[in-house]
Amino acid sequence: MLNKFITENKLKIAFEHIINFGDTDLFPPLIEFDFFKNKPKECLKLLTKLDENISQNSFSFKNFVSREIFFTFGQGTRLATQLPFFLSIYSIVHAFNLRERLERKRSKYLGNYIHSYRSEIKNKKELFSKKFGWNSFLDCQRKLTSNYDWVVSLDIAQFYSSIKKLHLEKIGSNFLLNPIDLNRIYYFFDTTDGHKYGLPVGGDYSRLIAETVLYEIDLFLLKNNFIFCRFVDDYKIFFLNQKN
């Protein structure tokens, strides 16, 4: 049976993404990328087998994951994770598979409130939109500050490491994902020892999944008429006066 989830074209897009943006923002590229980028059929065969096992919930192995502590200016130390090759490429294929569904739901309700890791639906070859980012988050703050005298800053401490499987379970109902897509997310979480470390820091798949976890907070603020903007777990909430 043809696996429509992983095709040569989707594999090519995932490779191009990792070549252009890296598999993490902290580790050097894995040498396997140079080897497998010229062997797409072999790579496709192995990933298809992996996906069949995940879809049937029949996987029973763990990948070797490298973790290192990095010092980041202004953020202190971070425990970052480098994924093994097949998990890295597989997760990016899944990210491209999810991006449109997640973005349609987020953009429908949250509009310009959210400035981290948004997707441009029409652009099929880039995971994240260049329209949104840290600079647009700062611009949003400046505009809102001109109309509101008070701002509350919130930051979720150790956000990635605090994510548990119960948070991931809610993604399915919030974004109407099918059981196979949830299995793919669970596989990523379980095989990286998520029960110990939470969501791995450093890769784009983690960033996309983390955004879906924050969706419930975003929706709560929106439904309760709070004026806010957000970049990842950095929230700015605006008020007309101290009493509000």
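All values reported here derive from a predicted model rather than from experimental measurement.

### Here we look at the side chain of serine 119
Then step 1. Within the secondary structure, serine 119 is located in the loop between helix 4 (85–110) and helix 5 (134–145).
Then step 2. Side-chain polar atoms of serine 119 contact the backbone oxygen of leucine 127, separated by 2.9 Å.
Then step 3. Ignoring anything within four residues of it in the chain, the contact list for serine 119 reads Arg99, Glu103, Leu127, Phe128 and Ser129.

### Some details on the nonpolar core
Then step 1. Ranked by size, the top nonpolar core spans 65 residues in total, and within it Ile89 and Leu168 carry the most contacts.
Then step 2. The greatest single-element share of this core, amounting to 11 residues, is contributed by helix 4.
Then step 3. Those residues in contact with leucine 168 that sit more than four places away from it in its chain are Ile163, Leu182, Ile185, Tyr186, Phe189, Ile209 and Val213.

### Here's the deal with the packing of helix 7 (residues 165–175) against helix 8 (residues 179–191)
Then step 1. In contact at an axis separation of 10 Å, helix 7 and helix 8 are set at 165° when each is read in the N-to-C sense. Looking at the two axes, helix 7 sits roughly antiparallel to helix 8. Crossing of helix 7 against helix 8: the hand is right-handed. Between helix 7 and helix 8, the contacting residues are Lys165, Leu168, Glu169 and Gly172 on the first element and Leu182, Ile185, Tyr186, Phe189 and Asp190 on the second.

### Details of the pattern of salt bridges
Then step 1. Taken as a whole and judged by the stated rule, the model has 16 salt bridges.
Then step 2. For glutamate 100, the salt bridge identified is with arginine 104, shortest N-O distance 2.9 Å. Here the residue glutamate 100 and the residue arginine 104 both occupy positions in helix 4, the gap between them amounting to 4 residues, near one helical turn.
Then step 3. With its nearest N and O atoms 2.9 Å apart, the salt bridge here joins glutamate 103 to arginine 118. In this pair, glutamate 103 is assigned in helix 4 and arginine 118 in the loop between helix 4 and helix 5, connecting sequence segments 15 residues apart.
Then step 4. Residue class for glutamate 103 comes out buried when judged on its relative accessible area of 5%.

Rules and cut-offs
- Residues numbered from 1 in each chain as written.
- Predicted model: local features only at pLDDT ≥ 70, side-chain atom pairs only at ≥ 80, totals over all residues.
- Heavy atoms only, no water.
- Helix = DSSP H or I, 4+ residues; strand = E, 2+ residues; numbered from the N terminus.
- Polar contact = N/O pair within 3.5 Å; in protein donor to acceptor, adjacent residues only side chain to side chain.
- Contact = heavy atoms within 4.5 Å.
- Core = buried A, V, L, I, M, F, W, Y, C linked by side-chain atoms within 4.5 Å.
- Buried < 20%, exposed > 50% of the residue type's maximum accessible area, 1.4 Å probe, protein only.
- Axes fitted to C-alpha atoms, helices over the stretch in contact; angles between N-to-C directions.
- Parallel < 35°, antiparallel > 145°, perpendicular 65-115°, else oblique.
- Left-handed = near helix turned anticlockwise from the far one by under 90°.
- Salt bridge = Lys/Arg side-chain N within 4 Å of Asp/Glu carboxyl O.

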